[in-house]
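Residue strings, one per chain:
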Amino acid sequence: MTRTHGLGWCMATLLVACGGNEDAAGSDADTDTGFTTGADTDAVDETSASTTAGETEAEDESGDETGETEPEVELEVLSPPEHLIRISMALRGTRPSTEDLAAIEADPDRMPEFVDAYMQGDGFAEVVRDLHNDALLTRVEGALPNYAPLEDVRPQRIADSVTATALKLAELVVLDDRPYTELVTGDTWMVDDVVAAVYGITDGGSGWREVPIPGDRPAAGILSDNAFYLRHESAGANFHRGRANAVSTAFLCFDYEDNNIELDDNIDLTDAEAVAMALTTNPACQACHETLDPLASHFFPLPGNVMNNDIPSYPVPDLYRPANADDWQQTTGRAPGYFGQETSDIGELGQAIAEDPRFTACAARRFYAYFLQRRLDEVDGDTVDALEATFQDSGLQARALIRAIMLSDDFRVAGAASAEGADEVQGYLRARPFQLALLLEDLTGFRWEIDPTLIDPGQGEGIIDLSRSAAVGFAVLGGGGDSFTVIESAHTMNATTSLFIRQLASEAASYVVEHDLREGEGALLTLGDAVDEASVREQLASLFFRLYGEAVESNGPDVDDAYALFAALHGASGDHERAWKATLAALLQDFSITFY
Amino acid sequence: MISRRQFLGSSAALAAASLCGIGTSRASVADKPRRLITVFVRGGWDIAHSIDPKPELVATPDYDDVTMYGDIPILTSATRPNIGGFFEEHGSMASVVHGVNVRSISHKVCTRKMFTGMPSGTGPDMGAIVANEFARDYPMPYLIVGANGFTGPLGVISGRVGPSGQINALLDPQDNFPRFEASPYFHDGFEASGSEQAAIEAFLNARAERERATRGMHGANAARVSDFEESLLKGTALRDNAQYFGSIGQELSLSDQVSLALTALERDLSWSVSITANLGFDTHDNNAEQGALQNGLFGGLSNLANELIARGMIDDTVVAVFSEMSRTPALNAALGKDHHPVTSAMVFGGGVAGGTVHGGNGDSVNALDVDFETGSTTDGDLRTLDSQSWVSGVVALAGGDASPYVAADPFCAFIG
């Protein structure tokens, strides 16, 4: 492969200590490269074949607790243009413009400038929502009744809006550079016209907008938002403990469910009173319930099932009922509290979370894990510490945290330089289905949508995006999740993800070829109906740069293969439009599209 | 000449022999590789209502008696005939294991543990392990037709049909999501012919090999390149078998899932299949619903067993039936039961020591220690049976070896 930009993919290497993965089950994302924050990125000598061991922070931390030295793994890193492509895909699901690629090749020091530029717009907003959904799991597809005034809206569309509010709030906090603590202390809701109708908000606005929290609900950001409780329901007899754990897991990265439960044979489990007593007196039970139950007691003002099928009409009555706040007295008997600190309601709970060092550490861990495609427990403490320091220094602006990750050495890892230790070095990141949708829309202008009103006008308004929908479309089959049964995205390919990408690529190719060649709009194809070899080769070279960021020669080996494909297809059908559809379909499902 | 299946049989028997039956008087070794169907009873079943009969804990008057089927005691009732009916017909090829200590009351964690043996969910589950060992070259070695399945590093051999059978829209797109001219994204479409698709795949593979020669040479990167290439092959193979996947529609019922599973196994599309009985077993309110729910479940299991017999597949197939947890011995204030970290499970089919019951739950459904070879709770090497040994045991029953993924001795007593 000819790569003329930068200095090539292996122009620099890093030596890092590579921690072993002790999980016998293995993982497809077991990279532990150590971490160097963004400001240090330029310390990697772009012109050298390798850096010395002392040039990464991880080298200083290479000994484990037993004093044994972990083996060093020599890593290769991305060139600046490749790094820019990865950043652009991660932050907004699209490729850098050809101008940006040329600019970064000319001046790699401009990387922070591009990172900031890419943390804008709809694509980045969707990435932010997706990132937070990994923690909140609120993006669940369902249906809510289309009562007046929403009788012309599809029930699924209503549910989409109602469940989106928490993620829209996270988007607002991040894109508006508000202190990240507003995630749990903010005093506003995010609503669109559908949500406003459901909850009876009459602010006169339109589109997604920020409104004051209605009613008597304390200000607690997402904890004041119904979407969180809609997703994390509470079984009546469990007294909101599930919700408490959802809060702890999402905001503190502390999951009570990670603890093993060892039944004490001395407890008569057939005696409800004995069990209840054990929760407060038996050490094995107390270990969790001592803090879990007080957390749960904050949520008694909210019904266990926030919005069930019994909704009679819109607007629904206020779901927050302060009169129920003391119901803990008749159930667990534990007053609201935050790990030993007295708190009274969700407002004080949010404040306590915001002041807890685990909150910022958890954010650093989550952001890193999301962008590097690791599990939370794979992110080492030194990395968290370094990121958290950057986060704190910025006044808790999430974009500063993201910037540090994007510019880190870890985010530039292209792979292992040799076989030794290579199993634990993940040099490819896999695009999620929504990222592929963003990418192909940017490249071709195509969105893979269906409009149910075209099939059955009686269903009401509401588009279904097949790349993003798990219930109707291919979000799960394409490797994403549904926030319920599949809560982690796949990091590799299988038969159905291959079929998803094949079909998405074919649809987009068909669309763009018809538009570009028939209508002369030239979004991607600019050669018109020319089929001579020189024109086709020039077009293909242009496509390689636009699609993959690869500056290849029109007579080079990559274009040789692509031209051979086009020529064979054209020769067989005699139809240049069909040949371009097939060629573009191939180019759009390439390895370099799926992985970045 | 030795056939592929004969070869697999000999190697698998060796693997199983290294794990079960060594150094004991009992030879609990699977005699050959078997296909695996897992039936996941989602939500947490109340085992007192059926396979761990404790009438005093059922607290509803709709049971008649505890009936023995071989050595298996089952709570039966005229109002839920399917439970007794299953064991009447198929108890001789079924084995029940009690006292599986899941050590959690979280749906999420327990589900992961009962499928994979591990709490993290990053490892492969039983179906993925067995399929990877015996049928990696199948179009979709591990088929997840229900909601639940964990593939871990074996993602490339696994695939889902989707909650409403969306796989059909990928196998035959034109029939399922028609294009409308009124759409701003309307186009005439492109469907590659066989020769065009072959040319496309050749191009993609050549590009992938170039990637392998540069960044994709080593370790995890090389695995990604291989997965990419393998997924192309498997995707095309699946499309060649599109007619067997039914049609897109509403949520797949238990019966729908069974039908699809059997077809996939019978046609050598898959070696393992995961089915989810998503019937509403999480009865925090009104636990009496467990009776009807389990009646439905065992009706579905009878259907599955009868179909396996009718298609001549029963001796080559193991079925593992399990829930993520069980329910508390006592009723709560809502007359429901909450989550309980000790459960029971069942296997049936080929190679199973039929009509047997192993392990034990105490009076308050606490796990009794058990000998992994004999299943006795009183004699032998008594140990805690946890989810790891359950998973390892099912894999061994199917002739496989879970040790690369699960570091625990397998529970072997149900191997015939």
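The preceding data block contains the structure.
Below: a short report on this structure. Predicted model only: the values in this text are computed from it and were never measured. (Residues numbered from 1 in each chain as written. Chains lettered and ligands numbered in written order. Predicted model: local features only at pLDDT ≥ 70, side-chain atom pairs only at ≥ 80, totals over all residues. Heavy atoms only, no water.)

## Focus on the overall build of chain A
Turning to step 1, where the next piece is worked out: In terms of regular secondary structure, chain A is built from 23 helices and nine strands.
Turning to step 2, where the next piece is worked out: Here chain A holds 596 residues, and 59% of them are scored as buried.
Turning to step 3, where the next piece is worked out: Of the contacts made within chain A by residues no fewer than 6 positions apart, 70% connect residues no fewer than 24 positions apart.
Turning to step 4, where the next piece is worked out: With an accessible surface of roughly 21500 Å², chain A has 47% of that area assigned to carbon and sulfur atoms. (Helix = DSSP H or I, 4+ residues; strand = E, 2+ residues; numbered from the N terminus. Buried < 20%, exposed > 50% of the residue type's maximum accessible area, 1.4 Å probe, protein only. Contact = heavy atoms within 4.5 Å. Areas by Shrake-Rupley, 256 points an atom, 1.4 Å probe, with all protein chains shown as cover.)

## Quick look at the packing of aromatic side chains
Residue and element names in this part refer to chain A.
Turning to step 1, where the next piece is worked out: Following the criterion strictly, the structure yields 41 aromatic pairs over all chains and no others.
Turning to step 2, where the next piece is worked out: Judged by centre distance (5.9 Å) and plane angle (55°), the ring pair of Tyr 428 and Phe 595 falls under tilted. With Tyr 428 in the loop between strand E7 (413–416) and helix H17 (433–444) and Phe 595 in the segment after helix H23 (591–594), this residue pair connects regions lying 167 residues apart in the sequence.
Turning to step 3, where the next piece is worked out: The exposure class of Phe 595 is buried, given its relative accessible area of 3%.
Turning to step 4, where the next piece is worked out: An aromatic cluster is built from Tyr 180, Phe 228, Tyr 229, Phe 251, Phe 299, Phe 359, Phe 367 and Phe 391, whose rings are joined through pairwise contacts.
Turning to step 5, where the next piece is worked out: The lysine or arginine in question, Arg 86, covers the ring of Phe 411, its NZ or CZ lying 5.9 Å from the ring centre. (Phe/Tyr/Trp six-rings, centres within 6.5 Å; stacked < 30°, edge-to-face > 60°. Lys NZ or Arg CZ within 6 Å of the ring centre and 35° of its normal.)

## With respect to the packing of helix H15 (residues 381–393) of chain A against helix H16 (residues 398–406) of chain A
Residues and elements named next belong to chain A.
Turning to step 1, where the next piece is worked out: At a minimum axis distance of 8 Å, the contact between H15 and H16 shows a crossing angle of 140°. As far as their axial angle goes, H16 and H15 are oblique. Considering only the axes of H15 and H16, their crossing is right-handed. Contacts from Leu 387, Thr 390 and Phe 391 of H15 reach H16 at Ala 398, Ala 400, Leu 401, Ala 404 and Ile 405. (Axes fitted to C-alpha atoms, helices over the stretch in contact; angles between N-to-C directions. Parallel < 35°, antiparallel > 145°, perpendicular 65-115°, else oblique. Left-handed = near helix turned anticlockwise from the far one by under 90°.)

## Some details on the interface of chain A and chain B
Turning to step 1, where the next piece is worked out: On the side of chain B, 95 residues touch chain A, which itself brings 99 residues to the contact.
Turning to step 2, where the next piece is worked out: Roughly 7900 Å² of surface becomes buried between chain A and chain B when both sides are summed, with 59% attributable to carbon and sulfur atoms.
Turning to step 3, where the next piece is worked out: At the surface where chain A touches chain B, the tally comes to 12 salt bridges.
Turning to step 4, where the next piece is worked out: Two residues, Arg 210 of chain B and Asp 561 of chain A, come together in a salt bridge whose shortest N-O distance is 3.2 Å.
Turning to step 5, where the next piece is worked out: One can count 38 residue pairs in polar contact (both at pLDDT 80 or more) joining chain A with chain B.
Turning to step 6, where the next piece is worked out: Ranked by residues supplied to the side of chain A that touches chain B, first place goes to helix H19 (residues 495–519) of chain A with 14 residues.
Turning to step 7, where the next piece is worked out: Here the side of chain A that touches chain B is composed, by residue class, of 52 nonpolar, 23 polar and 24 charged. (Buried area = accessible area lost by both parts, 1.4 Å probe. Salt bridge = Lys/Arg side-chain N within 4 Å of Asp/Glu carboxyl O. Polar contact = N/O pair within 3.5 Å; in protein donor to acceptor, adjacent residues only side chain to side chain. Nonpolar A, V, L, I, M, F, W, Y, C, P; charged D, E, K, R; others polar.)

## Some points on the environment of Asn 295 of chain B
All names here are of chain B.
Turning to step 1, where the next piece is worked out: For Asn 295, the location among the structural elements is in helix H11 (residues 289–310).
Turning to step 2, where the next piece is worked out: A relative accessible area of 15% places Asn 295 in the buried class.
Turning to step 3, where the next piece is worked out: Considered as a pair, Asn 295 and His 340 are 45 residues apart in the sequence and their alpha carbons are 21 Å apart.
Turning to step 4, where the next piece is worked out: Those residues in contact with Asn 295 that sit more than four places away from it in its chain are Thr 79, Arg 80, Pro 81, Asn 82 and Ile 83.

## With respect to the state of the cysteines
Turning to step 1, where the next piece is worked out: Using the criterion set out here, one finds one disulfide over all chains in the structure.
Turning to step 2, where the next piece is worked out: In this model, Cys 253 of chain A is linked to Cys 362 of chain A through a disulfide, with the two sulfur atoms separated by 2.1 Å. Across the S-S bond linking Cys 253 of chain A and Cys 362 of chain A, the dihedral sits near 80°, which makes this disulfide right-handed. Remark: Cys 362 of chain A occurs in helix H14 (residues 357–372) and Cys 253 of chain A occurs in the loop between helix H10 (241–252) and helix H11 (272–281); sequence separation between them is 109 residues.
Turning to step 3, where the next piece is worked out: Residue class for Cys 362 of chain A comes out buried when judged on its relative accessible area of 3%.
Turning to step 4, where the next piece is worked out: Not engaged in a disulfide, the cysteine Cys 285 of chain A finds its nearest cysteine sulfur in Cys 288 of chain A; these two sulfurs lie 9.1 Å apart.
Turning to step 5, where the next piece is worked out: No disulfide involves Cys 110 of chain B; its nearest neighbouring cysteine sulfur is the one of Cys 288 of chain A, lying 13 Å away.
Turning to step 6, where the next piece is worked out: Residue classification places Cys 110 of chain B among the buried residues on the basis of a relative accessible area of 0%. (Disulfide = S-S within 2.5 Å.)

## A look at the pattern of salt bridges
Turning to step 1, where the next piece is worked out: One pass over the full model with this rule turns up 62 salt bridges over all chains.
Turning to step 2, where the next piece is worked out: Lys 581 of chain A serves as the salt-bridge partner of Glu 514 of chain A, at 2.6 Å between the closest nitrogen and oxygen. Of this pair, Glu 514 of chain A sits in helix H19 while Lys 581 of chain A sits in helix H22 (residues 576–588), and the two are 67 residues apart along the sequence.
Turning to step 3, where the next piece is worked out: Between Arg 383 of chain B and Asp 409 of chain B there is a salt bridge, with the nearest N and O atoms lying 2.7 Å from each other. Taken together, the residues span a long stretch of sequence, with Arg 383 of chain B in strand E14 (residues 382–383) and Asp 409 of chain B in the segment after helix H12 (387–397) at a distance of 26 residues.
Turning to step 4, where the next piece is worked out: Accessibility expressed as a relative area gives 43% for Asp 409 of chain B, which makes it partly exposed.
Turning to step 5, where the next piece is worked out: Each of Glu 126, Glu 441, Arg 447, Glu 449, Asp 465 and Arg 468 of chain A takes part in salt bridges that share partners, so that together they form one network.

## Things to note about the side chain of Gln 294 of chain B
All names here are of chain B.
Turning to step 1, where the next piece is worked out: Tracing the backbone through its elements, the reader meets Gln 294 in helix H11.
Turning to step 2, where the next piece is worked out: A polar contact is formed between the side chain of Gln 294 and the side chain of Ser 50, at a distance of 2.4 Å.
Turning to step 3, where the next piece is worked out: In contact with Gln 294, not counting residues within four places along its chain, are Trp 45, Asp 46, Ile 47, His 49, Ser 50, Ile 83 and Phe 281.

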